[in-house]
Amino acid sequence: MGVRGLHGFVASSCPHVCTVVNFKELAERHRSQHPGGTPAVVVDAMCCLRYWYTPESWVCGGQWREYYSSLREFVSAFTAVGIKLIFFFDGMVEQSKRGEWVKRRLKNNREIAKIFHHIKSHREQPGRNMFFIPSGLAVFTRFALKALGQETLCSLQEADYEVASYGFQNNCLGILGEDTDYLIYDTCPYFSISELSLDSLDTVMLCREKLSQSLGLRLADLPLLACLLGNDVVPEGMFESFRYKCLTSYASVRESCDRKGNVILAVADHISKVLRLHQGEKKLEEMLPLGPNKALFYKGVASYLLPGQKSPWFIQTPKDVVTLDKQVLSMSSDPESKQEVPMCMDPESRQKLPVGTDPECNLEAAVCANTEVKQEDPVNMGLEAKHQVTVVSDPEILKVARAQHVRAESYLVYGVMSSGEVECSSSLEDATDQALPSQAFVYRPVRQRVYSLLLGGGGGGSSTGPAVKEWFVYSGNPLRQPDLVRPLQMNLPGGTPSLRQLWLSQEPGIQAQRLDTLLACFDLSSSREELQAVERPFQALCCLLVYLFVQVDTLCLEDLHAFIAQALCLQGKPAVELADLQLDHIDPRAVQLATLLVRGLTTLVLVNGACGSPWEMADFMPWHLFDGKLFHQKYLQSEKGYTAEVLVEQNRSHVTRFHTLKSVVCKACGKENRPIVSRRHWRPHHAGRWGRQGSSSHGTSSGYSRSGHGQHWRDQGPGSRQYEPDQWRRY
């Protein structure tokens, strides 16, 4: 993340940029300088996930109770010295950064393949050097922090801009994260999360003033440097030849620096000694080889300008414009400024043309589809993306969805409604195991019904609603373009209720209607009575298990036993006891089953929010329902044929609940013509709906699949294919 090569350069060539500081002392100094004020640190939560996840086990699906305890200790350490924390999470992936997002996800897939290879070869978890954060960690961390009473916010664009802007506008003590972009923003001090000692509250402060002085630059030059070196907006390769020319003409090459370090010094030298000579007289495209990438480069530089800030490198005129994709960007983040430019469009194809590809379309005189100068959004100043259209036309409902999104109270809902585009990162899934499907496919029918609810499409079971662009990571998907997924009408007596009813109504009986809608999203309306009889917090778990077992017929009775037993045994177990749990070995199938369940819990977060929250979020938080190692232990025991009494550790009340929950799930699945049988009773020549014969030691099936329509999920090509409703449905 951040500026390419800058982190290593600072560590090796500019160590004086880094200073050890103590948060307690900084807080005391802040209080003396601002009597009555509370010192606040704004936290880039996405940068901190690896730091926060301290449990030793990570491959089994997540040690959620241990993780929750770790977060509580983190918060308590700062609260004890009177520091308020404000946490920001990424809420959107900007179009200009989609390429970088895809690049990282494909890299993650290669890492995951190595993890599964290690598990199969050694039957153990790989070392910490191969650590991969458990699926759903970012989603559930938001709710964990809210449960701990912390101010938690979700961004409307890339979080780093909103973090820097919040710190800048609210006189914060500093930013806690791990992203060199914070060395570029002209904002409050930047502290490293990786160098933080929670016991002493010592960490390292990275000083952008010292960095700019070392490079012979001014603070206002740093955004230009960042874009010439490459960042999340401007690809590193775009100015490779330019950097090489700077290096060949650089007369002060340091032997103590590696090549990347000398490149940074050379580019900085070129900015200070060559470009600055013409600053304010010539435009950047006259001094740099921007070519067809002019709009992207300007966007990159402008992305570092916080509210009220301007760049001396921009010669601003009323016609100045910089845009990319569906975004309209200001050349200044000054709320007084009205200079914005629309996207240049081909009037025939409506395809966006990069500014600079057409000689008649440039920053001086834009020949565009829309030449109107637009007022800056006073509520969200800066570089927030302003979509030309929103998918949902009801402004009041969209306002509610936006507010819930910003408060980190929902998941994916606002993305669907505002832009019709959502994403889900990589999961610990074995690409070589053909017997278990990717979570992206298992829960797609649920998402399709949610899309119908949110977008009002899919009437009568047809695909009339607008397609949603899904950037979901799964094996074989090169992520060159999104999957276009159409809504699917749900079966509800009286039709699908409106969002105004579900979200805003206070009428008696509305809570029951919300629950009916939630169950309809999982197509489990027929099991409402059985599920409603289940005690909390197991209602949500049973709903999820019924859906899973109906959808995936390579799941067997032993799997169900393991899921239920671990949820029951988890109740009352402290984090310390779970941390001490030892496993005989690691089974790759159990790893993927854990992923399926945890991703199911994140899907429940989406559905519950879309339906007006019929269930309390706490009921499907993983620290109440799931523990990776505990599930793995129960899975291995169940595979050996252990009895229910042994699985629930001889706890009599657990035995009773075990049989009750098992009965609910089996009865509900029976209504869907999906009997759950032991693997010992499977017919060996079946590989199941999701499997292929001989593809896995677990690739057998009961043969009860009711799939009469659609293609096998492995045969569905990724990309721009438009997915009609429920192609992966078993029946």
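Look above for the structure.
The following paragraphs examine the structure supplied in this document. Because the structure is a prediction, the values reported are computed rather than measured.

## Brief notes about the overall build of the protein
Right, so step 1: Across its full length, the protein holds 28 helices and 13 strands.
Right, so step 2: By the burial criterion, 60% of the 731 residues in the protein qualify as buried.
Right, so step 3: Sequence separation of 24 or more characterises 73% of the internal contacts of the protein that already satisfy a separation of 6 or more.
Right, so step 4: Summed over all atoms, the accessible surface of the protein reaches about 28400 Å², with 50% contributed by carbon and sulfur.

## Here we look at the pairing of strand S2 (residues 40-44)
Right, so step 1: Counting buried positions along S2 yields five of five residues, so the element is predominantly enclosed.
Right, so step 2: Side-chain alternation along S2 places Ala40, Val42 and Asp44 on one buried face and Val41 and Val43 on a second face that is also buried.
Right, so step 3: With three bridges connecting them, S2 and strand S5 (residues 174-177) associate as parallel partners. Counted as the bridge partner of Val41 is Gly174 from S5.

## Quick notes on the sheet that holds S5
Right, so step 1: The mixed open sheet is built from seven strands, whose spatial order is S1-S7-S6-S5-S2-S3-S4. Edge positions in the open sheet fall to strand S1 (18-22) and strand S4 (151-154), since each of these has one partner strand only. Each strand axis lies, on average, 30° off the axis of its neighbour in the sheet, ignoring direction.
Right, so step 2: Here helix H3 (residues 45-52) sits on the sheet in contact with S2, strand S3 (84-89) and S5, set at roughly 85° to S2.

## Some words on the environment of Leu455
Right, so step 1: Within the secondary structure, Leu455 is located in helix H17 (residues 444-455).
Right, so step 2: Assessed through its relative accessible area of 16%, Leu455 is described here as buried.
Right, so step 3: When the C-alpha atoms of Leu455 and Val468 are compared, they prove to be 9.5 Å apart, with 13 residues separating the residues in sequence.
Right, so step 4: Beyond its immediate sequence surroundings of up to four residues, Leu455 is in contact with Val391, Val392, Val416, Met417, Pro466 and Val468.

## Considering the pattern of salt bridges
Right, so step 1: In this structure the tally under the stated criterion is 35 salt bridges.
Right, so step 2: Asp619 is the partner of Arg536 in a salt bridge, and the nearest nitrogen-oxygen pair spans 2.9 Å. Here Asp619 lies in the loop between helix H24 (588-610) and helix H25 (622-625) and Arg536 lies in the loop between helix H20 (528-532) and helix H21 (538-551), a separation of 83 residues in the sequence.
Right, so step 3: A relative accessible area of 47% means that Arg536 is categorised as partly exposed.
Right, so step 4: Accessibility expressed as a relative area gives 7% for Asp619, which makes it buried.

## Focus on the side chain of Asp232
Right, so step 1: Topologically, Asp232 is positioned in the loop between helix H9 (222-229) and helix H10 (240-248).
Right, so step 2: A polar side-chain atom of Asp232 sits 3.2 Å from a polar atom in the side chain of Arg4.
Right, so step 3: There is a polar contact of 2.9 Å between the side chain of Asp232 and the side chain of Arg104.

## Remarks on the environment of Arg528
Right, so step 1: Residue placement: Arg528 occurs in helix H20.
Right, so step 2: Side-chain polar atoms of Arg528 contact the side chain of Gln532, separated by 2.4 Å.

## What about unusual backbone geometry?
Right, so step 1: Across the junction of Arg536 and Pro537, the peptide omega takes the value 0°, indicating a cis bond.
Right, so step 2: Relative to the helices and strands, Pro537 is located in the loop between H20 and H21.
Right, so step 3: A positive phi angle is found at Leu412, which is not glycine, with a value near 75°.
Right, so step 4: Residue placement: Leu412 occurs in the loop between helix H14 (395-406) and helix H15 (413-418).
Right, so step 5: If you check the backbone angles, Ser613 has positive phi at about 60° while not being a glycine.
Right, so step 6: Relative to the elements of secondary structure, Ser613 occurs in the loop between H24 and H25.

## Focus on the nonpolar core
Right, so step 1: Grouped together as the largest cluster of nonpolar side chains are 156 residues, with contacts concentrated most on Phe23, Trp52, Leu176, Met417, Leu454, Phe522 and Phe620.
Right, so step 2: With 13 residues, the single largest contributor to this core is H24.
Right, so step 3: Leaving out residues up to four positions away in the same chain, Phe23 has contacts with Val41, Phe78, Ile83, Leu173, Leu176, Phe191, Leu196, Leu201 and Thr203.
Right, so step 4: Counting 65 residues, the second largest nonpolar core, distinct from the first, contains Val10, Phe88, Ile175 and Tyr185.

## Notes on the packing of aromatic side chains
Right, so step 1: One pass over the structure, following the stated rule, counts 26 aromatic pairs.
Right, so step 2: A ring pair is formed by Tyr182 and Tyr190, whose centres lie 5.7 Å apart and whose planes are at 50°; its orientation type is tilted. The residues Tyr182 and Tyr190 share a single accessibility class, namely buried.
Right, so step 3: Look at Tyr185 and Tyr304: their rings are 5.2 Å apart centre to centre, the planes differ by 65°, and that puts the pair in the edge-to-face class. With Tyr185 in the loop between S5 and strand S6 (190-192) and Tyr304 in the loop between helix H13 (294-302) and strand S8 (322-324), this pair connects stretches of sequence that are 119 residues apart.
Right, so step 4: Given the relative accessible area of 3%, Tyr185 is considered buried.
Right, so step 5: One aromatic cluster is present, formed by Phe23, Tyr51, Trp52, Phe74, Phe78, Phe87 and Phe191 through successive ring pairs.
Right, so step 6: Sitting over the ring of Trp101, Arg98 keeps its end group 5.0 Å from the ring centre.
Right, so step 7: Between Arg128 and the ring centre of Phe131, over which it is positioned, the NZ or CZ distance is 4.0 Å.

## Quick look at the packing of H3 against helix H4 (residues 64-79)
Right, so step 1: Interaxial distance between H3 and H4 falls to 11 Å at its minimum, and their mutual angle equals 115°. Judged on the interaxial angle alone, H4 and H3 are roughly perpendicular. As for how H3 packs across H4, the hand of that crossing is right-handed. Contact with H3, carried on its side by Leu49, Tyr51 and Trp52, involves Tyr67, Ser70, Leu71 and Phe74 of H4 and no other residues of that element.

The rules behind these values
- Residues numbered from 1 in each chain as written.
- Predicted model: local features only at pLDDT ≥ 70, side-chain atom pairs only at ≥ 80, totals over all residues.
- Heavy atoms only, no water.
- Helix = DSSP H or I, 4+ residues; strand = E, 2+ residues; numbered from the N terminus.
- Buried < 20%, exposed > 50% of the residue type's maximum accessible area, 1.4 Å probe, protein only.
- Contact = heavy atoms within 4.5 Å.
- Areas by Shrake-Rupley, 256 points an atom, 1.4 Å probe, with all protein chains shown as cover.
- Pairing = 2+ DSSP bridges.
- Axes fitted to C-alpha atoms, helices over the stretch in contact; angles between N-to-C directions.
- Salt bridge = Lys/Arg side-chain N within 4 Å of Asp/Glu carboxyl O.
- Polar contact = N/O pair within 3.5 Å; in protein donor to acceptor, adjacent residues only side chain to side chain.
- Core = buried A, V, L, I, M, F, W, Y, C linked by side-chain atoms within 4.5 Å.
- Phe/Tyr/Trp six-rings, centres within 6.5 Å; stacked < 30°, edge-to-face > 60°.
- Lys NZ or Arg CZ within 6 Å of the ring centre and 35° of its normal.
- Parallel < 35°, antiparallel > 145°, perpendicular 65-115°, else oblique.
- Left-handed = near helix turned anticlockwise from the far one by under 90°.

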